[in-house]
Amino acid sequence: MSTPPVDRSFLRMALGHPAFVLGFVLSAMFIVLALVSFIWTPFDPTRLDISGKLKGPSLEHWFGTDHFGRDMFSMIMVGARVSIAVAFVAVGIGMIIGVPLGLYAAARRGSLLDEIIMRGNDLVFAFPSLLLAIMITAVFGPGAVNAIIAIGIFNVPVFARLARGAALSLWTRDFVLAARVAGKTRARISAEHILPNIANLLIVQGTIQFSLAILAEAALAYVGLGAQPPLPSWGRMLADAQTLISLAPHMALFPGFAIIVTVLGLNLLGDGLRDLFDPRLRRGR
């Protein structure tokens, strides 16, 4: 077999890994908030109440209200939905396009198409990710869809490089040579033998890119190029709070804390998955 057998003790090892457990709990908490926001929020996050603006945290408004009297907790719930949706689709675009490109480049190592694919990746990497995203959204206009496209484009070379580098080390393995002798095409070998063996690396990298995509979405929203009003966004909430931080510090603290905790949770989850999928560390445990 070309793929290793499933370790029955994986769940036990995962539960005994503090970073994985903490990362999973933090990530799951915001995913649950995002899902719940589809059916319920304490208040309408778009309803203005000027008479109740800039209220601090209380039993009625857990995270206080903003300068328009909107409930901050409700806005953070909906903002979690926006951030997670943008990051999920953007990372999905990167994987769907980048992984096949990387696998094809590895299968045709040294060919003209391999050079074209890798030099194209270098071209994308030549621009800072945030600058590239700002340029794309500035040309095509602000909005969640354009933010997804901009972040997704930057994720493509990340997964293409990872897939190519991991696949190259497998093309000289005995099970791949046996598949070639059996007459299988390069595309079939990549799909049936190479991809399953690098899936662990792709999953770990996916969690890391997910956290980076959330930061990128918040940065684009902060400068007005992300999700547009009245849809709440963590980045725009921080932008609204910057001139009122001395009067209502809760306006900046809670959305900033939401970004920090979510990104921290995803990074811990990625680190935990990396350790759990590493055969050397698994044998040590």
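Novice: Describe helix α5 (residues 129–140), listing the residues and the values that go with them.
Specialist: Helix length check: α5 (12 residues) gives 17 Å between terminal C-alpha atoms against 16 Å at 1.5 Å per residue, within 8%. Regarding α5, the residues found buried are L132, A133, I136 and T137. What you see down the axis of α5 is that its buried residues fit within an arc of 125°, all on one side. Structural note: α5 exposes A138 and V139 on the side pointing more than 90 degrees away from its buried face. Against the buried residues of α5 lie α4 (112–125), α6 (144–168) and α8 (186–222). G141 sits one or two positions beyond α5 and adopts a positive phi of about 100°.

Novice: Could you give an account of a nonpolar patch on the surface, with specific residues and numbers?
Specialist: A cluster of nonpolar side chains, contributed by I31, L35, F38, I39, W40 and W62, occupies part of the molecular surface with about 740 Å² of accessible area. Residue position: I31 is located in helix α2 (residues 18–36). With a relative accessible area of 41%, I31 lands in the partly exposed category.

Novice: Explain the pattern of salt bridges to me, using residue names and the numbers behind them.
Specialist: Under the counting rule described, the total for this entry stands at nine salt bridges. Between D114 and R164 there is a salt bridge whose closest N-O contact spans 3.0 Å. With D114 in helix α4 and R164 in helix α6, this pair connects stretches of sequence that are 50 residues apart. Like D114, the residue R164 is buried in the burial classification. Where R274 meets D275, a salt bridge forms, and the shortest distance between an N and an O atom there is 3.3 Å. Residue R274 is classed as partly exposed on the basis of its relative accessible area, which comes to 46%. We classify D275 as buried; its relative accessible area is 16%. In the salt-bridge network here, residues are joined through shared partners; they are E115, R119, D122 and R161.

Novice: Give a detailed account of the packing of aromatic side chains, specifying residues and quantitative values.
Specialist: Enumeration according to the criterion identifies six aromatic pairs in this entry. Relative to F24, the ring of F20 has its centre 6.3 Å away and its plane inclined at 20°; by these criteria the two rings are stacked. Note that F20 and F24 are positioned in helix α2 at a spacing of four residues, about one turn of the helix. The interplanar angle of 80° and the centroid separation of 5.7 Å between the aromatic rings of F30 and W234 together place this pair among those described as edge-to-face. A residue pair is termed long-range when its members are at least 10 positions apart, and F30 in helix α2 and W234 in helix α9 (residues 234–241) qualify at 204 residues. Using a relative accessible area of 6% as the deciding quantity, one classes F30 as buried. Residue W234 is classed as buried on the basis of its relative accessible area, which comes to 1%.

Novice: Break down the nonpolar core for me, with residues and values.
Specialist: Among the nonpolar cores identified, the biggest contains 60 residues, and F30, W171, I194, I198, F210, I214 and W234 are the most heavily contacted of them. Breaking this core down by element, the ones donating at least two residues are α2, α3 (72–107), α5, α6, α7 (174–181), α8, α9 and α10 (250–277). A total of 16 residues in this core trace back to one element, the largest contributor, which is α3. Discounting chain neighbours no more than four positions away, the residues touching I214 are S83, A87, W234, T262, V263 and L266. Counting seven residues, the second largest nonpolar core, distinct from the first, contains M13, A14, F20 and L269.

Novice: Can you break down the packing of α3 against α4 residue by residue, with the values?
Specialist: Each pair of packed helices can be described by the angle between their axes along with the distance between the axes. With their axes 8 Å apart at the nearest point, α3 and α4 run at an angle of 140° to one another. By the angle between their directions, the pair α3 and α4 is classed as oblique. Regarding α3 and α4, the two cross each other, and that crossing is left-handed. Contact residues: L101, Y104 and A105 in α3; L113, D114, I117 and M118 in α4.

Criteria and cut-off values
Residues numbered from 1 in each chain as written. Predicted model: local features only at pLDDT ≥ 70, side-chain atom pairs only at ≥ 80, totals over all residues. Heavy atoms only, no water. Helix = DSSP H or I, 4+ residues; strand = E, 2+ residues; numbered from the N terminus. Expected span 1.5 Å × (residues − 1). Buried < 20%, exposed > 50% of the residue type's maximum accessible area, 1.4 Å probe, protein only. Arc of directions from axis to C-beta. Contact = heavy atoms within 4.5 Å. Patch = residues over 30% accessible without salt bridge, like charges linked within 9 Å, V, L, I, M, F, W, Y side chains within 5 Å. Areas by Shrake-Rupley, 256 points an atom, 1.4 Å probe, with all protein chains shown as cover. Salt bridge = Lys/Arg side-chain N within 4 Å of Asp/Glu carboxyl O. Phe/Tyr/Trp six-rings, centres within 6.5 Å; stacked < 30°, edge-to-face > 60°. Core = buried A, V, L, I, M, F, W, Y, C linked by side-chain atoms within 4.5 Å. Axes fitted to C-alpha atoms, helices over the stretch in contact; angles between N-to-C directions. Parallel < 35°, antiparallel > 145°, perpendicular 65-115°, else oblique. Left-handed = near helix turned anticlockwise from the far one by under 90°.

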